[in-house]
Amino acid sequence: MISESMKARFAREVAKYPAEQAQSAVMACLAIIQQELGHVSPESEAELGAYLGMPAMAVHEVTTFYNMYNQTPVGKYKLNVCTNLPCQLRDGVKTLQYLEKKLGISMGETTADGLFTLQQSECLGACADSPVMLVNDRSMCSFMSEERIDQLVDGLKAAEGK
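Residues numbered from 1 in each chain as written. Predicted model: local features only at pLDDT ≥ 70, side-chain atom pairs only at ≥ 80, totals over all residues. Heavy atoms only, no water.

Caption draft 1: How the structure looks around the overall build of the protein chain. In terms of helices and strands, the protein chain carries 7 helices and 4 strands. Secondary structure of the protein chain in N-to-C order comes out as α-α-α-α-β-α-α-β-β-β-α. Dimensions of the protein chain, computed from the C-alpha atoms along their principal axes, are close to 50 × 35 × 25 Å. Residue burial in the protein chain is summarised as follows: out of 162 residues, 40% are buried. Considering only contacts within the protein chain whose residues lie at least 6 apart along the sequence, 59% involve residues at least 24 apart. Of the roughly 8,700 Å² that the protein chain leaves accessible, carbon and sulfur atoms contribute 53%. In the protein chain, 14 positive and 20 negative side-chain charges are present, and the distance between their average locations comes to 5 Å. (Helix = DSSP H or I, 4+ residues; strand = E, 2+ residues; numbered from the N terminus. Buried < 20%, exposed > 50% of the residue type's maximum accessible area, 1.4 Å probe, protein only. Contact = heavy atoms within 4.5 Å. Areas by Shrake-Rupley, 256 points an atom, 1.4 Å probe, with all protein chains shown as cover. Lys, Arg positive; Asp, Glu negative; His and termini not counted. Charge placed at Lys NZ, Arg CZ, Asp CG, Glu CD.)

Laid out in structure tokens, this is it:
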């Protein structure tokens, strides 16, 4: 599951901390697993725990606390829509519902072509820009009207030739 090249990357992260604090690299190592494997499985959590000298359950607690770690395979584009109260007051839930309709999936699902996974987020820290969404845990999209959603989704599909 975890390759030697991944372990070499882990070692670079662990080296940033004092030897007795190797566990401090858990988040960076989880990000490496996700980059390489696409998601963080229970098996990879166990292997990482053994590597860092921590219980697999402690790794799992980190994985499940943060929504940036995928516990199951996701589409090429993971769309996280903020539905926290400030965003709800500014159409965050309507944004999620519009995306469900446009993509033909429910929150938590992936499109049949494997292109999009739709998730909700508790808070993306951009209340003034709501409704907001995060694409692939990296690109924040603000003021997501139906028009802007159409532009984003249609643009991503076009980039994939679909």
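Caption draft 2: Highlighting the packing of aromatic side chains. Considering all chains together, one arrives at 4 aromatic pairs under this definition. Their ring planes at 90° and their centres at 6.3 Å tell us that Tyr 66 and Tyr 69 sit as a pair that is edge-to-face. We classify Tyr 66 as partly exposed; its relative accessible area is 33%. Judged by centre distance (5.8 Å) and plane angle (35°), the ring pair of Tyr 77 and Phe 116 falls under tilted. Pair noted here: Tyr 77 is in strand 1 (residues 77-82) and Phe 116 is in strand 2 (residues 116-121), with a separation of 39 residues, a long-range link. Among the aromatic residues, those joined into a cluster by ring pairs are Phe 65, Tyr 66 and Tyr 69. (Phe/Tyr/Trp six-rings, centres within 6.5 Å; stacked < 30°, edge-to-face > 60°.)

Caption draft 3: Focus on the sheet that holds strand 1. Ordered in space as 2-1-3-4, the 4 strands form an open sheet in which the pairing is mixed. Edge strands, defined here as strands with exactly one partner in the open sheet, are strand 2 and strand 4 (139-141). Going from strand to strand, the sheet's axes swing by 25° on average, the running direction of each strand aside. As judged from the 3 bridges shared by strand 3 (residues 133-135) and strand 4, these two strands associate in the antiparallel manner. If you follow Met 133 over to strand 4, its bridge partner there is Cys 141. Across the sheet, helix 6 (residues 92-103) touches strand 1, strand 2 and strand 3, and the angle it forms with strand 1 is around 150°. Packed onto the sheet, helix 7 (residues 146-159) meets strand 1, strand 2, strand 3 and strand 4 and runs at close to 150° relative to strand 2. (Pairing = 2+ DSSP bridges. Axes fitted to C-alpha atoms, helices over the stretch in contact; angles between N-to-C directions.)

Caption draft 4: Seen up close, unusual backbone geometry. Note the cis peptide between Ser 130 and Pro 131, where omega equals 0°. The backbone phi angle of Asp 91 is positive, close to 75°, even though this residue is not glycine. Following the sequence through the fold, Asp 91 ends up in the loop between helix 5 (85-88) and helix 6. The exposure class assigned to Asp 91 is partly exposed, which follows from its relative accessible area of 37%. Notably, Asp 137 is not glycine yet its phi reads approximately 60°, a positive angle. Looking at the secondary structure, you find Asp 137 in the loop between strand 3 and strand 4. When its relative accessible area of 23% is taken as the criterion, Asp 137 is described as partly exposed.

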